[in-house]
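One-letter residues, chain by chain:
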Amino acid sequence: MLYYELVFGMLFLPLIIIIYQIFPKRFRWVFLLIASVGYYFSFSIKLFIFMLLASTITYVTGLLLEKMSKDKKAALNLLKTEKKDVTKEDKANVKLKFQRRSRIILVVGIILALSSLLYLKYYNFFAENINAIANASTGSSLLPAKELALPLGISFYTMQAISYMADVYWGKFEAQRNPFKLLLFLCFFPTIIEGPIALYADMKDKLYVGESIDPDNVIRGYTRFVWGVSKKLVIADRLHPAVLYLFDPANKTKGLEVIVAAVLFTVMEYMDFSGCMDMVIGIAMIFGIKLPENFRQPFLARNASEFWRRWHITLGVWFKTYIFYPVSMSKLSKSWGKFSRGKVNKHLTRVVASAIALLPVWLCNGLWHGPKWTYIFYGVFYFVVLLLEQIFEPLGDTILKLLHTSKENKVVNAIRIFKTWIIIFAGELFFQADSLREGFRMVRDIGKGFNLSNLWNGTALSWGLDKYDWLVVLVTLIIVGIVNVIREKGVDITEALLRKPLPVRWALILSLLLVLTIFGCYGPGFEEVDLIYANF
């Protein structure tokens, strides 16, 4: 029962809203937990054991970390009473002792939380590569392949669990003492399939309050929900056959079709993923719960760094908070800072420091998407691109100064956005390619038989879409583009809608439903397409 299915939007969600409102306020969070567990069970009952395991590990680790914090304070107070002249060194020794214990607890908690994910998601990948090396040297395999089922949302709830434990360790908030409330945070039904990756600090004040259903929030939520379903069913699913055809290694896509393949997949992925985010943010909004935005007009970014501040925002924030910053403060980074001081110019010092912190971020980013070399390459690709942007930034500033212009110039802006598009499409080409070899083959063959007229001479009709499909895609993409430009200007379209008279509001909502009904991809002749990021 996926979010975009009719049974969810017309039966499950309305039923949940009604029962939630009937429940006493103090127990509404309990009903949200029941609904979330029931939603998870609609996919798998057996695999829910991994969710319970992750929740238990997270809960126990949080309590142990908080106990260490309280024990540290008690030890410092005891030190003051037992010793009259307490030195800074005495306090530092006490703090260091408990910090080491807390760090061990945190590391063990993270390893235990990661163990299920690493085994279920990556065992066969590592076994395959280890066997390839073993076969090349000894002629025999070392590890057997296994059929492993991947629990729903494991990548997302594992990251939320790790962020919770790390934040308790850093003292950002007290550990949750109710294990069922923590379980709700990890398995909240709108976020379980594709996120967004929510932080406990942002969720705790709204998730358990049990606010009454506000009619305006219902309009806001359902409008956002239907908008997301439209992006998924009208655009993403309609493009799916063309993407499958163009990326099929058997078809040996070449010339202009390679560029088209990269562009179409990028559009499909964006409409699928951002559409899902619109759905889940809209669902949570109905219950008065604000989830973090995951997209902010990414195709208006002017460089790769800005693109990743606009694309899959919560993943970027997670990596920045829990990998980039800790590595930046590590002994290796500090050693480089001390070594380079006075010996290396400041710009190169910053570039190397960034490289030290960014490499693990982008390796983890690639691996997070899945056990494929194309995903790892995707992460390394952006690592290299971001470093190159940082290296050549002073040169770019100098050129703009010589031309007596700035980055805010409209022409310069357009060039920078177009350059970023090239980077995005190149990365997505390898992301979707069947293998690294096939990705490089496609890039190599761009110059073979390049014919611009293939866009209008009927060739595009052989990719699985007819003229009607291409027209629908073109018109709806223009509409989405206009909406994104309006949002970029700071206009909240939903709030503007709520200020309209009631008949106008409902007319617009019904129009959106009508468009979805007429142009959505479902029924006979259409193959249901799973949410892309549900596989990650």
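Residues numbered from 1 in each chain as written. Predicted model: local features only at pLDDT ≥ 70, side-chain atom pairs only at ≥ 80, totals over all residues. Heavy atoms only, no water.

1. Side note on the overall build of the chain
Each helix and strand in the chain was counted, giving 19 helices and zero strands. A compact globule built from 536 residues would reach a C-alpha radius of gyration of about 24 Å, and the chain, at 26 Å, matches this within 12%. In terms of principal-axis extent, the alpha carbons of the chain reach across some 90 × 65 × 65 Å. Sorting the 536 residues of the chain into buried and exposed places 48% on the buried side. At a minimum sequence separation of 6, the contacts of the chain that also span at least 24 residues come to 77%. (Helix = DSSP H or I, 4+ residues; strand = E, 2+ residues; numbered from the N terminus. Rg over C-alpha atoms; globule rule 2.2 N^0.38 Å. Buried < 20%, exposed > 50% of the residue type's maximum accessible area, 1.4 Å probe, protein only. Contact = heavy atoms within 4.5 Å.)

2. Here's the deal with the nonpolar core
Tyr3, Phe189, Phe287 and Tyr382 are the most contacted members of the largest nonpolar core, which totals 148 residues. Among the elements that line this core, the one with the most residues is helix 9 (residues 256-286), at 20 residues. (Core = buried A, V, L, I, M, F, W, Y, C linked by side-chain atoms within 4.5 Å.)

3. Concerning the pattern of salt bridges
All chains considered together, the criterion is met by 23 salt bridges. For Lys206, the salt bridge goes to Glu211, with nearest N and O atoms at 2.8 Å. Classification of Lys206 by relative accessible area gives partly exposed; the value is 36%. Ionic pairing is found between Glu293 and Arg224, a salt bridge with its closest N-O pair at 2.8 Å. (Salt bridge = Lys/Arg side-chain N within 4 Å of Asp/Glu carboxyl O.)

4. Examining helix 5 (residues 154-169)
With 16 residues, helix 5 ought to run about 22 Å at 1.5 Å a step, and its terminal C-alpha atoms sit 22 Å apart, in line with that. Looking one or two residues past helix 5, Gly171 carries a phi angle of roughly 75°, positive in sign. (Expected span 1.5 Å × (residues − 1).)

5. A short note on a nonpolar patch on the surface
Side chains of Leu359, Leu363, Val380, Val384, Leu388, Ile391, Phe392, Leu395, Ile399 and Leu403 sit close together on the surface and give an oily, nonpolar patch of about 840 Å² of accessible area. Considering every element that reaches the nonpolar patch, the biggest residue donor is helix 14 (residues 373-402), with seven residues. (Patch = residues over 30% accessible without salt bridge, like charges linked within 9 Å, V, L, I, M, F, W, Y side chains within 5 Å. Areas by Shrake-Rupley, 256 points an atom, 1.4 Å probe, with all protein chains shown as cover.)

6. Focus: the environment of Tyr533
In this structure, Tyr533 sits in the segment after helix 19 (502-519). Considered as a pair, Tyr533 and Leu465 are 68 residues apart in the sequence and their alpha carbons are 24 Å apart. Once residues within four sequence positions are removed from consideration, Tyr533 is found in contact with Phe156, Ile193, Glu194, Glu269, Asp272, Phe273, Trp311, His312, Trp368, His369 and Phe431. There is a polar contact of 3.3 Å between the side chain of Tyr533 and the side chain of Glu269. Polar side-chain contacts of Tyr533 include one of 3.3 Å to the side chain of His369. (Polar contact = N/O pair within 3.5 Å; in protein donor to acceptor, adjacent residues only side chain to side chain.)

7. Remarks on the confidence of the model for the chain
Overall, the prediction assigns the chain a mean pLDDT of 90, with 98% of residues at 70 or greater. For the chain, helix 19 is the element with the lowest average pLDDT, namely 76, and helix 6 (residues 179-187) is the one with the highest, namely 97. (pLDDT = per-residue confidence, 0-100.)

8. Considering the packing of aromatic side chains
The description of two aromatic rings rests on the distance between their centres and on the angle between their planes. What the rule picks out here adds up to 57 aromatic pairs. Relative to Phe225, the ring of Tyr222 lies with its centre 5.9 Å away and its plane at 75°, an arrangement referred to as edge-to-face. Of this pair, Tyr222 and Phe225 both sit in helix 8 (residues 215-246), three residues apart, roughly one helical turn. Judged by relative accessible area, Phe225 falls into the buried class, the value being 6%. Lying over the aromatic face of Tyr20, Arg28 brings its terminal NZ or CZ to 5.4 Å of the ring centre. Its end group placed over the ring of Tyr123, Lys146 keeps NZ or CZ at 4.9 Å from the ring centre. (Phe/Tyr/Trp six-rings, centres within 6.5 Å; stacked < 30°, edge-to-face > 60°. Lys NZ or Arg CZ within 6 Å of the ring centre and 35° of its normal.)

9. Some points on helix 9
Three- or four-residue spacings in an α-helix give side chains the same orientation, since the helix completes a turn every 3.6 residues. Here helix 9 contains 31 residues, and its C-alpha end-to-end distance of 45 Å stays within 8% of the 45 Å for a straight helix at 1.5 Å per residue. Downstream of helix 9 by a residue or two, Gly288 has a phi angle that is positive, lying close to 75°.

10. Quick notes on the packing of helix 9 against helix 15 (residues 410-432)
Axis separation between helix 9 and helix 15 bottoms out at 8 Å; the angle between their running directions is 85°. Compared by their axis directions, helix 9 and helix 15 come out roughly perpendicular. Contact residues: helix 9 offers Val258, Ala262, Val263, Phe265, Thr266 and Glu269, while helix 15 offers Ile424, Phe425, Glu428, Leu429, Phe431 and Gln432. (Axes fitted to C-alpha atoms, helices over the stretch in contact; angles between N-to-C directions. Parallel < 35°, antiparallel > 145°, perpendicular 65-115°, else oblique.)

11. Remarks on the packing of helix 8 against helix 9
With their axes 7 Å apart at the nearest point, helix 8 and helix 9 run at an angle of 160° to one another. Comparing their axes, helix 9 and helix 8 come out roughly antiparallel. Handedness of the helix 8/helix 9 crossing: left-handed. Here the contact of helix 8 with helix 9 is composed, by residue class, of 24 nonpolar, seven polar and seven charged. (Left-handed = near helix turned anticlockwise from the far one by under 90°. Nonpolar A, V, L, I, M, F, W, Y, C, P; charged D, E, K, R; others polar.)

12. Quick word on the state of the cysteines
Tallied over the full model, the rule gives zero disulfides. Cysteine Cys276 is unpaired, with the sulfur of Cys187 as its nearest cysteine sulfur at 16 Å. (Disulfide = S-S within 2.5 Å.)

13. A closer look at unusual backbone geometry
Residues Gly195 and Pro196 are joined by a peptide bond in cis, for which omega reads 10°. Here the phi dihedral of Lys252 falls at roughly 50°; this positive angle occurs in a residue that is not glycine. With respect to the helices, strands and loops of the structure, Lys252 is situated in the loop between helix 8 and helix 9. A residue is classified by how much of its surface remains accessible, and Lys252, at 52% relative accessible area, is exposed. One non-glycine residue, Gln297, lies in the positive phi region at around 45°. Within the secondary structure layout, Gln297 lies in the loop between helix 9 and helix 10 (304-310).

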